[in-house]
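Chain by chain, the residues:
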Amino acid sequence: MQTVTSPALPHGVRQVEIGPERDGQRIDNALMTLLKGVPKSMIYRLLRTGQVRVNGKRAKPDTRLSQGDTLRIPPVRVAERPAEQGASQGAIAAAAEAVIFEDKHFLVIDKPSGMASHGGSGVSHGAIELLRQARPKEHLELVHRLDRDTSGVLVFARTRAGLTGLQAAIRAGEVTKQYLCLMVGHPSKARFDVNAPLQKSILQGGERMVRVAESGKPSLTFFREMEQYPGARLMQATLGTGRTHQIRVHAAHIGHPLAGDSKYGEREANKRFRELGLNRLFLHASHMSFELDGRAYGFSAPLPEELKSFLDALAATRGRSGR
């Protein structure tokens, strides 16, 4: 049973029956979802003044909800905003068709490159918004994120237990995340680690940039060569930590940036690769595995066709451009 809102009562009061997806969730966080567009300050004022009640009793911001609870939400007036334009049917269909696994706790997609994980920063609809439109009766939460240009395994939670359980496993380092990436040039070793702290900054205009800095957060990536190509190496990158842009910055830090990386890459190499058909970042989340409540999960997504075609074109240059 999903969380259900009763028909509006007199004066706009709502009675919400809590479903399993909100079992254990703090009431302030739940209200921020249930009262979209309402300022945080107003939500905390409603709680502070006792207008929000759980099973008839006043609730505090840190009150945790349980399945079956009845949540009373008072009428809230919000300034009208222009109606949000829905996503195109093509975009919704693309997200729906990308699903590769689903069970009680999780829904997993093979996210295409170019699709954001979530809306914001100039993106109206990311994967989470598209899936919610494709499956309006389901409760879905984004567990982790992939960069917009990165393709591959992206996991959503369908239950509160799935969300908190997997996020706790990620924080504890108990989740294996592996990527396929194409490095420019020829790393001197087939296996190596990059252990370099990363610091994130926001540039004027809101663009995120990450750099190696002693004052940054500890960051570790394990690289292993998979295949050799003229002027490049296909590598498997396994995350030891999960920092923003970690693989891309670590690759650039050792002098072998990722092919197609417009932010941290080499302009001339990217130009050469574009001529062979590479029109995106060559970074693909190929595998993710973990255990939850005694069950082992493993999700894999094959290399996209556009990247396979590019590798074929790159391999065909062997002998023309040297090793």
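As the structure is a prediction and not an experimental result, all values here were calculated from the model. (Residues numbered from 1 in each chain as written. Predicted model: local features only at pLDDT ≥ 70, side-chain atom pairs only at ≥ 80, totals over all residues. Heavy atoms only, no water.)

Colleague: Lay out the overall build of the protein with the relevant residues and their values.
Modeller: Broken down by element type, the protein carries 8 helices and 17 strands. With the C-alpha coordinates of the protein rotated into their principal frame, the extents come out at 80 × 45 × 40 Å. Total accessible area computed for the protein in this model is approximately 17,000 Å², and 47% of it derives from carbon and sulfur atoms. Between the centroid of the 47 positive side chains of the protein and the centroid of its 32 negative side chains there is a distance of 6 Å. (Helix = DSSP H or I, 4+ residues; strand = E, 2+ residues; numbered from the N terminus. Areas by Shrake-Rupley, 256 points an atom, 1.4 Å probe, with all protein chains shown as cover. Lys, Arg positive; Asp, Glu negative; His and termini not counted. Charge placed at Lys NZ, Arg CZ, Asp CG, Glu CD.)

Colleague: Any chance you could break down unusual backbone geometry for me, citing the residues and the numbers?
Modeller: At His245, a position not held by glycine, the phi torsion is positive, near 60°. Position of His245 relative to the elements: it lies in the loop between strand 15 (232–239) and helix 6 (246–253). The backbone of Asp293 shows a phi angle near 55°, a positive value even though the residue is not glycine. Examined against the element boundaries, Asp293 turns out to sit in the loop between strand 16 (283–292) and strand 17 (295–300). A residue is classified by how much of its surface remains accessible, and Asp293, at 70% relative accessible area, is exposed. (Buried < 20%, exposed > 50% of the residue type's maximum accessible area, 1.4 Å probe, protein only.)

Colleague: A description of helix 6 should follow, citing residues and the corresponding values.
Modeller: Given 3.6 residues per turn, any residue in an α-helix points the same way as the ones three and four places further on. Among the 8 residues of helix 6, 6 are classified as buried, and the element is accordingly described as predominantly covered. Among all positions in helix 6, only Gln246, Ile247, Arg248, Val249, His250 and Ala251 are buried.

Colleague: Account for the packing of helix 3 (residues 89–97) against helix 4 (residues 127–134), naming residues and giving values.
Modeller: At a minimum axis separation of 8 Å, helix 3 and helix 4 run at an interaxial angle of 95°. Considered as vectors, helix 3 and helix 4 are oriented roughly perpendicular to each other. Where helix 3 approaches helix 4, its residues Ala91, Ile92, Ala95 and Ala96 are matched on the opposing element by Leu130, Leu131, Gln133 and Ala134. Tallied by class, residues from the contact of helix 3 with helix 4 come to 7 nonpolar, 1 polar and no charged. (Axes fitted to C-alpha atoms, helices over the stretch in contact; angles between N-to-C directions. Parallel < 35°, antiparallel > 145°, perpendicular 65-115°, else oblique. Contact = heavy atoms within 4.5 Å. Nonpolar A, V, L, I, M, F, W, Y, C, P; charged D, E, K, R; others polar.)

Colleague: Pulling in residues and values, what's your account of the environment of Thr49?
Modeller: Turning to its location among the elements, Thr49 is positioned in the loop between helix 2 (40–48) and strand 3 (53–54). Counting along the chain gives 10 residues from Thr49 to Ala59, while the straight-line C-alpha distance between them is 9.6 Å. Polar contacts involving the side chain of Thr49 include one to the main-chain carbonyl oxygen of Arg45, which spans 2.8 Å. (Polar contact = N/O pair within 3.5 Å; in protein donor to acceptor, adjacent residues only side chain to side chain.)

Colleague: Report on the nonpolar core, specifying residues and quantitative values.
Modeller: Counting 32 residues, the largest nonpolar core has Ile109, Phe156, Tyr179, Cys181, Phe223, Ile247 and Leu258 as its most contacted members. In terms of residues, this core owes the most to one element, helix 4, which gives 4 residues. Beyond its immediate stretch of four places on either side in the chain, Ile247 contacts Tyr179, Cys181, Thr221, Phe223, Ala237, Leu239, Leu258 and Leu283. Core analysis: the second largest hydrophobic core is formed by 18 residues, Val16, Leu35, Val38 and Val54 among them. (Core = buried A, V, L, I, M, F, W, Y, C linked by side-chain atoms within 4.5 Å.)

Colleague: Tell me what's going on with a positive patch on the surface, and back it up with residues and numbers.
Modeller: Together, Arg145, Lys200, Arg208, Lys217 and Arg243 line one region of the surface with positive charge. Note that Arg208 resides in strand 13 (residues 208–212). (Patch = residues over 30% accessible without salt bridge, like charges linked within 9 Å, V, L, I, M, F, W, Y side chains within 5 Å. Salt bridge = Lys/Arg side-chain N within 4 Å of Asp/Glu carboxyl O.)

Colleague: Go over the environment of Cys181, please, and point to the residues and values.
Modeller: Position of Cys181 relative to the elements: it lies in strand 10 (residues 176–184). Exposure remark for Cys181: the relative accessible area of 0% places this residue in the buried category. The contact partners of Cys181, leaving out residues within four places of it in the chain, are Phe223, Arg233, Leu234, Met235, Ala237, Ile247, Leu258, Phe282 and Leu283.

Colleague: Break down the environment of Phe101 for me, citing the residues and quoting the values.
Modeller: Relative to the helices and strands, Phe101 resides in strand 6 (residues 99–102). Phe101 sits in the partly exposed class, given a relative accessible area of 23%. Separated by 25 residues in the primary sequence, Phe101 and Val76 have C-alpha atoms spaced 38 Å apart. Setting aside anything within four residues of it in sequence, one finds Phe101 in contact with Phe106, Leu107, Val108, Arg295, Tyr297 and Phe299.

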